Structure formats: structure tokens, C-alpha cells
Amino acid sequence: MADLHTSPLTSWHRAHGARMAPFADWDMPIQYTGILEEHQHTRTQASVFDICHMGEFFLSGPGATEALARIVTHNLETLKPGRCRYGFMLNDNGGVLDDLIVYRLAADDYMLVVNAATTASDLAWIREHLPRGLTLEDRSSLTAKIDLQGPQSFAVLAQVIPGTWTDLAYFAFRPVTWRGMELLVSRTGYTGELGVELYVPWSRALEIWEALLEHPVVKPAGLGARDTLRLEMGLPLYGQDLDTTHTPVEAGYGALLTSPAEFIGKSALPLVRERLVGLALEGRRSARHGDSVLVGDRVVGQVTSGSFAPSLGYAIALAYVAVEAADADTFAIQAAKTLLAARRVELPFYTQGTARTKLA
């Protein structure tokens, strides 16, 4: 445990009874009162999540746009300052090195938000592929990230950080000053619900965390609920549903790949061997990462994520299935010594999320 990274909120979590566990070499809260309760509270009211384990890079300098466009799949030609976009960083074979959000701060000024497990390797990869003359800074140790998620999140935000928030569009962000500190408010998240991600100075994360929790509808939620929330939305988790051996097209994100730039891995994207599909299971028993997926007695794929879906009342899973079997309607999943019946469904599994709600 001593070797794990800690967030500026770790002591608070322990003092408030959080169940802690290692996640991507970080000591993180998995749950407080329970995953099911925290999941439902996020779907109906508002929760705060400690996401300080994520990494933040800042890239700037003349020519930053052209250089970055060769490294990530994001279409930077259509990304305006004040907006952000989800996409990927690929290896030469089109495999996903990471999925990340790129924030355009100004014409040649960007923030990249990357996964905790890949922060070091992402930084090295980007540095290797940047031309001279650009500035790339890793500010992960200076930047805390707190997610406020749920249908009531903007009502909470308006009370804690006064201002007009109803005009903040989905995947837009805004810098603000709160109690003398600069922070960035981004209308993004990983739950499918209305919400924001707050990027704040590391040293003052506890201050805004506690300010948010003073609101009567806000409760803390751990990474356990975050995982069930994102899975109900069909959102991928790097290292499980996304990896270096599968392309974004195989993961179902081909429609996002509109960049005209010749980014690394682009030439490998037409080859599709497997597809990531959504599976609904009968009952509450869930499949696990690595379980085999069968059509008849033939193994055609492997489960990447599986869980009971609290909002739906039955278990769900994501699985990579051989392309020739991906359109089948029914499957079986080999879970330990039991075969679980499953049917293919369209994503997202849960369709009532409020993330795209119009506020004005």
C-alpha cells in the first residue's frame, strides 16, 4: 500500500469510511455506502467522484495543432477553442494506446486528459513524436480532477460556483475563478448523466470537494459505481474494452474518426477482425472479463466487461466477437462451470441518461 499513489482526498476518504483498493497504482475509493446505492443516487440526484488519478498534459507552441493531429485521431480542424473532444492515440498497427479527451484552450494550446495507467507511456509516446520547438508539460501532479455527476448536478454547481451555467454546451468547458483559485469546468463525464468535471489546483482539491458535499443532494461515490454507470452506457474502459490489439473501429468508434490528418495507425483501420458488441444476460449473474463467448459450441469471442446493471435489473456485458459472428442474435457465455444465455443488444444499454439535456 505504501507504494501506491494517493490523491489529495485520500485522507478524507479513509476518515469517512470508504473502502479503498488499488487502481492503476493508486489508492482509490471503491465505495462508501455501497455500489448499488451510489449508482442509483448518481442516476437520480448528484454524486462527486475523486478522479485525481487521471493525467493532464499541456501542449503549446506554433505548429502544435499540426503536430498533435498526427498523434491523435481527433479532428482538430473542427475543434474550436472552448470545446473538447473524445478520441484515441494509436500505435502503428491501429491498436489503442489510450483513449483521451483533447481540450482546445486556444489556437495552438491544448490540454490532454489521459488514463492513469498509461500516463507515463503516453507522455513518452507523445514526446517521441513531437517536432522540436513545442512545449509539452505533464501537470498531473499539480492538477486534481473532481467529477460532479447526476441530473441535479447543474443546480448544485450554480449554488457552489455562482454564475450562469445553462449555456454551457455538452463537451464545452469554461475557466472560472472560485475563492481566488483558477479552475476549469468541463461539461463532460463518464456516467451518462448531466454533469461536469472540475480541474482544480491539487493543493485545494479538498476545499472544493467539501464545498460540493455541503449541498444536501450531493453524496460521494466510488469507482465501483463509476464502473457500473459507464458500463450501462456502453462506454469503454481502457485496459479492458480498449487495448493495443484492437482498433477504435473494432470497438465501435469508427464514426469518430473524421480527422483528415494522416495520424499514426490510420492506414491499419480498414482491417476489422472483431467487433465489440453489447450483450444482455438472463438474470442477475454477470459475466467476467476473459469469459469465452460462444455461438453453439464454437468459441467466437471474449467478454471484456461484465456486471449487474442496477438501472436495468439484469446483467450486461461487452465482448469482442469475431466479425463473422458479430451479427448473431443469441450467444452463450462460459462463466466458470456455468453457461449463461445472452442476446445481442444495441448500445447504450441504458437509454435514459441526462448527459445531453438542454439547459437553456
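Trainee: Honestly, the environment of K80 in this entry has me stumped. Any pointers?
Mentor: With respect to the element layout, K80 can be found in the loop between α3 (64–69) and β5 (84–90). Between the C-alpha atom of K80 and that of A106, which follows or precedes it by 26 residues, the distance is 8.1 Å.

Trainee: Got a minute to help me understand the pattern of salt bridges in this structure?
Mentor: Between side chains of opposite charge, pairing is possible as soon as their charged atoms come close. Considering all chains together, one arrives at 15 salt bridges under this definition. Among the salt bridges present, the one from D27 reaches R14, with a minimum N-O distance of 2.6 Å. Placement of the pair is D27 in strand β2 (residues 26–31) and R14 in helix α1 (residues 10–15), with a sequence separation of 13 residues. Judged by relative accessible area, D27 falls into the buried class, the value being 3%. The shortest N-O distance in the salt bridge between R204 and E207 comes to 2.9 Å. With relative accessibility at 27%, the residue E207 sits in the partly exposed group. Taken together, the shared-partner salt bridges in this structure form one network comprising R43, E193 and E232.

Trainee: What is the right way to look at the sheet that holds strand β16 (residues 298–309) in this model?
Mentor: In a beta sheet, neighbouring strands are held together by backbone hydrogen bonds and run either parallel or antiparallel to one another. The antiparallel closed barrel is built from 6 strands, whose spatial order is β14-β17-β16-β15-β18-β19. The average undirected angle you get between the axes of adjacent strands in this sheet is 40°. Direction of pairing for strand β15 (residues 292–295) relative to β16: antiparallel, over a ladder of 4 bridges. What sits directly across from L294, in β16, is V299.

Trainee: Help me understand helix α2 (residues 35–44), please; the structure alone is not making it clear to me.
Mentor: In an α-helix, one turn spans 3.6 residues; hence positions three or four apart end up facing the same way. Buried within α2 are the following residues: E38, H39, H41, T42 and R43. Structurally, α2 contributes buried residues whose contacts are with β2, β3 (46–50), β9 (143–149), β13 (218–220) and α7 (223–232).

Trainee: Help me understand the sheet that holds β3 in this model?
Mentor: An order of β10-β11-β12-β9-β3-β13 is seen for the 6 strands of this open sheet, with the pairing classed as mixed. Both edges of this open sheet fall to β10 (173–178) and β13, since each of them pairs with a single strand only. Adjacent strand axes in the sheet meet at a mean angle of 25° when their direction is disregarded. Across 7 bridges, β9 lies against strand β12 (residues 195–201) in antiparallel orientation. Residue pairing across strands places K145 opposite Y199, the latter belonging to β12. Against the sheet, helix α6 (residues 205–213) touches β3, β9, β10, β11 (181–186), β12 and β13, its axis set at about 10° to β9.

Trainee: In this structure, what is going on with the packing of aromatic side chains? I would like to understand it.
Mentor: Remark: the centre distance and the inter-plane angle together describe each pair of aromatic rings, the angle taken between the planes. This structure, assessed with the given rule, holds 9 aromatic pairs. Taking 6.3 Å as the distance between ring centres and 65° as the angle between the ring planes, the aromatic pair formed by W12 and Y32 counts as edge-to-face. In this pair, W12 sits in helix α1 while Y32 sits in the loop between β2 and α2, placing the two residues 20 residues apart along the sequence. Look at Y32 and you get buried, because its relative accessible area is 13%. Residues W26 and W202 carry aromatic rings whose centres are separated by 6.3 Å and whose planes lie at 55° to one another, so their mutual orientation is tilted. With W26 in strand β2 and W202 in the loop between β12 and α6, this pair connects stretches of sequence that are 176 residues apart. Judged by relative accessible area, W26 falls into the buried class, the value being 12%. Counting every residue linked through ring pairs, the aromatic cluster contains W12, Y32 and W209. One residue, R139, lies across the ring of F58, its end atom 3.9 Å from the ring centre. Against the face of F308 rests R284, its NZ or CZ located 4.0 Å from the ring centre.

Trainee: Please clarify how the nonpolar core should be interpreted in this entry.
Mentor: One recurring pattern in soluble globular proteins is that nonpolar side chains are buried together. Y86, F88, Y103, M111 and L242 are the most contacted members of the largest nonpolar core, which has 44 residues in total. Residue assignment for this core shows that the elements contributing at least two residues are β2, β5, β6 (96–106), β7 (109–114), α7, β14 (274–281) and β17 (314–322). In terms of nonpolar packing, the next biggest core, distinct from the first, is built from 35 residues, F154, I161, A205 and W209 among them.

Trainee: Please clarify how the pairing of β17 should be interpreted in this entry.
Mentor: Taken residue by residue, a regular strand's side chains alternate between the two faces of the sheet. For β17, the tally of buried residues reaches 8 of 9 residues, placing the bulk of the element in the interior. Here β16 folds back onto β17 in antiparallel fashion, the turn holding 4 residues, of which G313 has a positive phi close to 90°.

Trainee: Just checking my understanding: could you explain the side chain of N91 for this structure?
Mentor: Topologically, N91 is positioned in the loop between β5 and β6. By relative accessible area, which is 13% here, N91 ends up buried. Among the polar contacts listed, one links the side chain of N91 to the backbone nitrogen of N93, at a separation of 3.0 Å. Excluding anything up to four places from it in sequence, N91 contacts L97, W125, T244, I264 and G265.

Trainee: Would you explain the side chain of N115 in this entry?
Mentor: Looking at where N115 falls in the secondary structure, it is placed in the loop between β7 and α4 (119–129). Residue classification places N115 among the buried positions, given a relative accessible area of 17%. Side chain to side chain, N115 and D99 meet in a polar contact 2.7 Å long. Not counting residues within four places of it along the chain, the set of residues in contact with N115 comprises M54, D98, D99 and Y238.

The rules behind each value
- Residues numbered from 1 in each chain as written.
- Predicted model: local features only at pLDDT ≥ 70, side-chain atom pairs only at ≥ 80, totals over all residues.
- Heavy atoms only, no water.
- Helix = DSSP H or I, 4+ residues; strand = E, 2+ residues; numbered from the N terminus.
- Salt bridge = Lys/Arg side-chain N within 4 Å of Asp/Glu carboxyl O.
- Buried < 20%, exposed > 50% of the residue type's maximum accessible area, 1.4 Å probe, protein only.
- Pairing = 2+ DSSP bridges.
- Axes fitted to C-alpha atoms, helices over the stretch in contact; angles between N-to-C directions.
- Contact = heavy atoms within 4.5 Å.
- Phe/Tyr/Trp six-rings, centres within 6.5 Å; stacked < 30°, edge-to-face > 60°.
- Lys NZ or Arg CZ within 6 Å of the ring centre and 35° of its normal.
- Core = buried A, V, L, I, M, F, W, Y, C linked by side-chain atoms within 4.5 Å.
- Polar contact = N/O pair within 3.5 Å; in protein donor to acceptor, adjacent residues only side chain to side chain.

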